[in-house]
Amino acid sequence: MKSYLLLLFTICTFLLYSSAELDDNLTYVWPLPAKFSSGNNTLSVDPELSLVFDGKGGDSSIIKDGFGRYKKIIFKHSTKSSSVNKRLVFDIGVLKIVVLSDNEELQLGVDESYLLLVEKRNGQSIIGEAYIEANTVYGALRGLETFSQLCAFDYETKAVQIYRAPWYILDKPRFAYRGLLLDTSRHYLPIGVIKQIIESMSYAKLNVLHWHIIDEESFPLEVPSYPNLWKGSYTKWERYTVEDAYEIVDFAKMRGINVMAEIDVPGHAESWGTGYPDLWPSPSCREPLDVSKNFTFDVISGIMTDLRKIFPFGLFHLGGDEVNTGRIVLWNSNRNKVVVYVTDLVMLRHLILKLLELDIACETMVMIVMFTYWNHPSARLLDHNMTTKEAYQYFVLRAQEIAISKGWTPVNWEETFNAFASNLNPRTIVHNWLGGGVCAKAVAKGFRCIFSNQGFWYLDHLDVPWYEVYIAEPLEGINDTSMQELVLGGEVCMWSETADTSVVQQTIWPRAAAAAERLWSNRETISSGNITLTALPRLHYFRCLLNRRGVQAAPVTNYYARQPPSGPGSCYEQ
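Residues numbered from 1 in each chain as written. Predicted model: local features only at pLDDT ≥ 70, side-chain atom pairs only at ≥ 80, totals over all residues. Heavy atoms only, no water.

Looking at an unreviewed UniProt entry, one finds the chain named Beta-hexosaminidase, with Populus tomentosa as its source organism. According to UniProt, the comment filed for the chain under the heading Sequence similarities (unreviewed entry) is "Belongs to the glycosyl hydrolase 20 family." Listed in UniProt under the heading Catalytic activity (unreviewed entry), the comment for the chain reads: "Hydrolysis of terminal non-reducing N-acetyl-D-hexosamine residues in N-acetyl-beta-D-hexosaminides." (UniProt positions renumbered as here; feature names shortened; annotations may be inferred.)

And the structure:
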């Protein structure tokens, strides 16, 4: 049924937009600003556009570099030697940026608001001016992005023009956390590709790169305290040095983007044992990590100590998902004894059948321990008959304590909340992914929440159309204002089991942009009316803007994401 509806929607969309003409009643800025007004004038922009600083933080390298980047984007087509340009008197010759604070610390909740004014020169001044004012350099960067989207190259005059001037834009984000998860464990992504993705994130005003660096398949990151860990990488050429990680964090900061690292424990960590086999419960049971050994937590602490030097962002993701506490777990072993913990008679019967299938050596003694869920203190380890569920809770809470001791706020996937919410550290940020309603439950218990419902915001789900991404609402079911404030925002997730350098950008874009507008723009504004008429043409336009900037964004309305066009046509109607 869903496939039929998607096909019907695609056909209707094609019929509605069989012409690439733009609707002049729409505002082609993505994401849509909070407040704005425009006029009917067309202004020309001088290719020699100069930058003027003012305010405490105006003379900032972040602003200077940002202006340089955007100037190259804006004037990509125009040339100084153009005979047409030499005859023009330009309306806009100066961009003035006023930054009121010299504090360049980048953390969750940093002020990203800005004011942007673009108008023709008046009688008192012979210099046409665009004006950006912001409290921080990061607000100024968001203003620069919006200014760049107002500028369009006119192929007839061979000049950059701003339509519908004068512009008055007063803008700020709806949510403080607007993220993109990037998985570099299932497929390695080179540093240059990660930088391209960070650059493209800034175009949509996303501000957190959730770097899912390692997982069960590979451990590509250098950890100086435990140098054998990256033996778990696929090859010696698919690794990230400490210097690489620093470079990514610095590159992102220059674009107003935080980098949140993740080590997913205790599950999804098989690759750790390639370099340190003692982290495995046994050679034949390689995850979750062995909760019975202090060495396991020494390694986790060492990793966090090293990463804290690299990642200044106040949030650290500890994973905690998909830990199967109901299965047979080999928690402890040595050469002569294997201790197997089971939780019910069905599992015991299953184990006996498996042992009969195996040719167990006579010198190996197998001890099967049967136990039920007693009310043991969570701090007890296996020698004190801890259940697998209690061991899971113990592991998560101890990892949280380590993260907090390093000055981080722990983020965990929702399974930890679902399993033992009452025992989680109250500072925990619950990361939703399994389905709807989780953020509502989390904030009702006083936790903060990040929305990533896999039904809408998992980008590796290629059959989710743009409009389902667009209408997914982080505050769904949360009506109390004080509880709404506990929802930090959300992120789209680029899991890489079926994506590598060859397709990652077109899998991310343009659907990530649909979520980006949901996270930035006013809910009432972008939810009113028919989004096929109010949002889709603008998303087509933004996708083409990404293409012009060198981002391999796929067509908007294809049945499956990242599919190429089915035939000839304009970028603005695919």
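Additional details are given in the paragraphs that follow.
Draft legend 1. Layout of the packing of aromatic side chains. Evaluated as defined, the whole model comprises 25 aromatic pairs. For the pair Trp211 and Phe311, a centre-to-centre distance of 6.2 Å together with 70° between the ring planes defines the contact as edge-to-face. Of this pair, Trp211 sits in strand β10 (residues 208-212) while Phe311 is found in the loop between α8 (294-310) and β12 (315-317), placing the two residues 100 residues apart along the sequence. Both residues of the pair, Trp211 and Phe311, count as buried. (Phe/Tyr/Trp six-rings, centres within 6.5 Å; stacked < 30°, edge-to-face > 60°. Helix = DSSP H or I, 4+ residues; strand = E, 2+ residues; numbered from the N terminus. Buried < 20%, exposed > 50% of the residue type's maximum accessible area, 1.4 Å probe, protein only.)

Draft legend 2. Region of interest: the sheet that holds strand β8 (residues 167-171). The strand order across the open sheet built from eight strands is β1-β8-β4-β5-β3-β2-β7-β6, with neighbouring strands paired in mixed fashion. The open sheet has two edge strands with one neighbour each: β1 (35-37) and β6 (151-154). Averaged over all adjacent pairs, the angle separating strand axes in this sheet is 30°, with direction ignored. Here β1 runs beside β8; their pairing, made up of three bridges, is antiparallel. Across the sheet, Phe36 pairs through a bridge with Ile169, a residue of β8. Across the sheet, helix α2 (residues 61-74) lies against β2 (41-54), β3 (92-99), β6 and β7 (159-165), angled at about 155° from β2, the strand it touches most. Packed on one face of the sheet, helix α4 (residues 137-150) meets β2, β3, β4 (114-119), β5 (129-134), β6, β7 and β8 and runs near 35° to β4. (Pairing = 2+ DSSP bridges. Axes fitted to C-alpha atoms, helices over the stretch in contact; angles between N-to-C directions. Contact = heavy atoms within 4.5 Å.)

Draft legend 3. Highlighting the environment of Asp59. By secondary structure assignment, the location of Asp59 is in the loop between β2 and α2. On a C-alpha basis, the gap between Asp59 and Ile97 in space is 9.3 Å, while along the polypeptide they are 38 residues apart. What Asp59 contacts, discounting residues up to four positions off in sequence, is Phe53 and Lys64. In terms of polar contacts, Asp59 uses its side chain to reach the side chain of Lys64, at 2.9 Å. (Polar contact = N/O pair within 3.5 Å; in protein donor to acceptor, adjacent residues only side chain to side chain.)

Draft legend 4. Representation of the nonpolar core in the model. In this structure, Trp272 and Phe311 are the most contacted members of the largest nonpolar core, which totals 149 residues. Per element, the largest residue contribution to this core is nine residues, and it comes from helix α10 (residues 388-405). The contacts of Trp272, once residues within four sequence positions are left out, are Ile214, Phe219, Leu229, Ile263, Val265, Leu279, Leu289, Val299, Ile300 and Ile303. With nine residues, the next largest nonpolar core counts Met260, Val411, Ile450 and Leu488 among its residues. (Core = buried A, V, L, I, M, F, W, Y, C linked by side-chain atoms within 4.5 Å.)

Draft legend 5. Region of the structure containing the state of the cysteines. Taken as a whole and judged by the stated rule, the model has two disulfides. The disulfide bridge from Cys439 ends at Cys449, spanning 2.1 Å between sulfur atoms. Taking the sign of the S-S torsion, about -75° here, the bridge from Cys439 to Cys449 comes out left-handed. Here Cys439, found in helix α12 (residues 438-444), pairs with Cys449, found in strand β18 (residues 448-451); they are ten residues apart in sequence, far enough to count as distant. The exposure classification of Cys439 matches that of Cys449, with both residues buried. If you count the bonded cysteines of the chain from the N-terminus, they pair up as 1-2, 3-4. (Disulfide = S-S within 2.5 Å.)

Draft legend 6. Molecular detail of the packing of α2 against α4. At a minimum axis separation of 10 Å, α2 and α4 run at an interaxial angle of 10°. Classified by the interaxial angle, the pair formed by α2 and α4 is roughly parallel. From α2, Ile62, Ile63, Gly66, Phe67, Arg69, Tyr70 and Ile74 reach across to α4, where they touch Val137, Tyr138, Ala140, Leu141, Leu144, Glu145, Phe147 and Ser148. Among the residues making up the contact of α2 with α4, the classes are represented as eleven nonpolar, two polar and two charged. (Parallel < 35°, antiparallel > 145°, perpendicular 65-115°, else oblique. Nonpolar A, V, L, I, M, F, W, Y, C, P; charged D, E, K, R; others polar.)

Draft legend 7. Broad picture of the pairing of β4. As paired strands, β4 and β5 are joined by six bridges and run antiparallel to one another. Paired with Leu117 across the bridge in β5 is Tyr131. Two elements, β4 and β8, share five bridges in a ladder whose sense is antiparallel. The residue of β8 that forms the bridge with Leu115 is Leu170.

Draft legend 8. Molecular detail of the pattern of salt bridges. Enumeration according to the criterion identifies 18 salt bridges in this entry. Residues Glu199 and Arg69 are paired through a salt bridge, measuring 3.6 Å at the closest nitrogen-oxygen approach. Here Glu199, found in helix α5 (residues 191-203), pairs with Arg69, found in helix α2; they are 130 residues apart in sequence, far enough to count as distant. As far as burial versus exposure is concerned, Glu199 and Arg69 are alike and both buried. (Salt bridge = Lys/Arg side-chain N within 4 Å of Asp/Glu carboxyl O.)

Draft legend 9. Representation of the environment of Leu95 within the structure. Its location among the elements puts Leu95 in strand β3. A relative accessible area of 0% places Leu95 in the buried class. Note: C-alpha distance between Leu95 and Ser50 (45 residues apart in sequence) is 6.1 Å. When neighbours within four sequence positions are excluded, Leu95 is seen to be in contact with Leu49, Ser50, Leu51, Val52, Phe67, Ala130, Tyr131, Ile132, Leu144 and Phe147.

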